[in-house]
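# Results of the structural survey
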Amino acid sequence: MSKIRTVVCGTSFGRFYIEGIKSLNDQYELVGILSTGSRQSKRIAEKENIKLYTDVNEINREEVDLACVVIRSNIVGGKGSEIAEAFLEKGIHVVQEQPIHFEDMKKCYMLSKKNNCKYFVEMFYSNVSTPAKFISIAKKLCKKTKPIYLDVSCSLQVLLPTIDIVGRILGGFSPWEMKEDSLKDIGMFSQISGFVKGVPCEIKVQNELNADDPDNYVHLLQRMTLYTESGSLSMTEAHGEIIWNPCYLVPRDADGVLDPYQDETVLKTVLNDSYGYQNRINIQNLFEKEWSEAISTYLTDIYENVSENTENKATQQHNLMCAKYWNEVGRLIGKSRPAKESKIIQLSLDDLV
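### A word on the nonpolar core
- In this structure, Val-7, Tyr-28, Cys-68, Phe-87, Tyr-119, Ile-169 and Ile-203 are the most contacted members of the largest nonpolar core, which totals 95 residues.
- If we skip the residues at most four places from it in the chain, Tyr-28 touches Lys-3, Ile-4, Thr-6, Ile-21, Leu-66, Leu-299, Ile-302 and Tyr-303.

What follows is the structure, given as structure tokens:
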């Protein structure tokens, strides 16, 4: 297949899509930007020597194959879903950045089928290096031993991709049973509990949002610990470490005294094994490499899907279930509370040790 001619809608987070597309220049061709005409969009269009569109009606299928809609969707106060629908009505493939309401997502899938094009939802964090590795390790772990508890914490901003990760780890969601009476509001967190695919699960959300600056005042992105009969696997943060803490059984001697020397395997057990500690990521890494590489990973899969004209119904169903349970969690934890504009003092571990 020839290169997929692509427009990026939105240049805030959209600029990472632009970098991701540019890194795949054998598969994709960046042909334009759809924006309100901000100074940033004008600068990018001039720098990349591409068209700057200010109206979706200016774009047609003869010039564009794919639109990456990186604009806030309707559920978070933007017009992203409307724009995605407009492209699908034209028969143009769409990649839409999360979060997206269940009903909007379902409508877009139906429109894509009606107009013989494809619709993709970018959950993003499952393609970021640390969560992607965590998912891979956790899936292998669940095949080797029995999962017995899942502890999940996240910010409100990344609740949908966090649920996506939960589903990927456990191989689905059903049965999903979050208890209506389990809600606890403690400080900045709203906490609910129940079962996902039979595994006891606790979900704790920083249920706060600063209306004037919704991308800041976040105390965490994603933290998870999957407990199994053989040990616990933890992800300290979306850009942090993965830590394995094994369960172990220390043998006893004839007098009933703990004696690890009777078993060489137990004696050599590493109690806290980490992955990613040597690859510490800073903010510069995120903006210059990590986020655009995550998008490149996702777009590589999209290219294969579009070029081979295949339909991944399992992914569509997974995404719809993510959106459905995201809506349910949002309903259970209730309306977000205002996040205070607290004074942030930038500290490193070296400042504290």
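### Here's the deal with the packing of aromatic side chains
- Summed over all chains, the structure comprises 14 aromatic pairs.
- Geometrically, the ring pair formed by Phe-13 and Phe-124 is edge-to-face, given 5.2 Å between the ring centres and 85 degrees between the ring planes. Of this pair, Phe-13 sits in the loop between strand S1 (4-9) and helix H1 (14-22) while Phe-124 sits in the loop between strand S6 (119-122) and helix H5 (129-144); the two residues are 111 residues apart in sequence, bridging distant segments of the chain.
- On the basis of relative accessible area, Phe-13 is assigned to the partly exposed category, the value being 22%.
- Here the aromatic residues Phe-13, Phe-16, Tyr-17, Phe-124, Tyr-125, Phe-287 and Trp-291 are joined through ring pairs into a cluster of three or more.
- A cation over a ring is seen here: Lys-204 above Phe-189, with NZ or CZ 4.9 Å from the ring centre.

### Observations concerning the sheet that holds S6
- Strand order in the open sheet made by the six strands is S3-S2-S1-S4-S5-S6, with parallel pairing throughout. The two strands at the open ends of the sheet, each matched to only one other strand, are strand S3 (51-53) and S6. For this sheet, the mean inter-axis angle between neighbouring strands, taken without regard to orientation, is 25 degrees.
- With four bridges connecting them, S1 and strand S4 (residues 66-69) associate as parallel partners.

### Remarks on the packing of H5 against helix H6 (residues 159-170)
- It is at 8 Å that the axes of H5 and H6 come closest, and there the two elements cross at 30 degrees. On the basis of the axis angle, H5 is roughly parallel to H6. Crossing geometry of H5 relative to H6 is assigned as right-handed. Contact residues: H5 offers Pro-131, Phe-134, Ile-135, Ala-138, Lys-139 and Cys-142, while H6 offers Ile-165, Arg-168 and Ile-169.

### Some thoughts on the pattern of salt bridges
- The tally for this structure, following the rule as stated, stands at twelve salt bridges.
- Note that Glu-85 and Lys-107 form a salt bridge whose closest N and O atoms lie 3.4 Å from each other. Here Lys-107 lies in helix H4 (residues 102-114) and Glu-85 lies in helix H3 (residues 80-89), a separation of 22 residues in the sequence.
- Overall, the relative accessible area of 14% leaves Glu-85 in the buried class.
- For Glu-89, the salt bridge identified is with Lys-114, shortest N-O distance 3.8 Å. Residue Glu-89 is found in helix H3, and its partner Lys-114 is found in helix H4; the two are separated by 25 residues along the sequence.
- Taken together, the shared-partner salt bridges connect Glu-19, Lys-22 and Glu-48 into one network.

### Describing a positive patch on the surface
- On the surface, a cluster of positive charge is contributed by Lys-133, Lys-139, Lys-140, Lys-143 and Lys-144.
- Within the secondary structure, Lys-140 sits in helix H5.
- Judged by its relative accessible area of 53%, Lys-140 is exposed.

### So, the environment of Val-250
- In this fold, Val-250 is placed in the loop between strand S15 (242-246) and helix H7 (264-267).
- In the structure, Val-250 is positioned 13 residues away from Asp-263 in sequence and 8.0 Å away in space, judged by C-alpha atoms.
- Beyond its immediate stretch of four places on either side in the chain, Val-250 contacts Leu-258, Asp-259, Pro-260 and Val-266.

Parameters and conventions
- Residues numbered from 1 in each chain as written.
- Predicted model: local features only at pLDDT ≥ 70, side-chain atom pairs only at ≥ 80, totals over all residues.
- Heavy atoms only, no water.
- Core = buried A, V, L, I, M, F, W, Y, C linked by side-chain atoms within 4.5 Å.
- Buried < 20%, exposed > 50% of the residue type's maximum accessible area, 1.4 Å probe, protein only.
- Contact = heavy atoms within 4.5 Å.
- Phe/Tyr/Trp six-rings, centres within 6.5 Å; stacked < 30°, edge-to-face > 60°.
- Helix = DSSP H or I, 4+ residues; strand = E, 2+ residues; numbered from the N terminus.
- Lys NZ or Arg CZ within 6 Å of the ring centre and 35° of its normal.
- Pairing = 2+ DSSP bridges.
- Axes fitted to C-alpha atoms, helices over the stretch in contact; angles between N-to-C directions.
- Parallel < 35°, antiparallel > 145°, perpendicular 65-115°, else oblique.
- Left-handed = near helix turned anticlockwise from the far one by under 90°.
- Salt bridge = Lys/Arg side-chain N within 4 Å of Asp/Glu carboxyl O.
- Patch = residues over 30% accessible without salt bridge, like charges linked within 9 Å, V, L, I, M, F, W, Y side chains within 5 Å.
- Areas by Shrake-Rupley, 256 points an atom, 1.4 Å probe, with all protein chains shown as cover.
- Lys, Arg positive; Asp, Glu negative; His and termini not counted.
- Charge placed at Lys NZ, Arg CZ, Asp CG, Glu CD.

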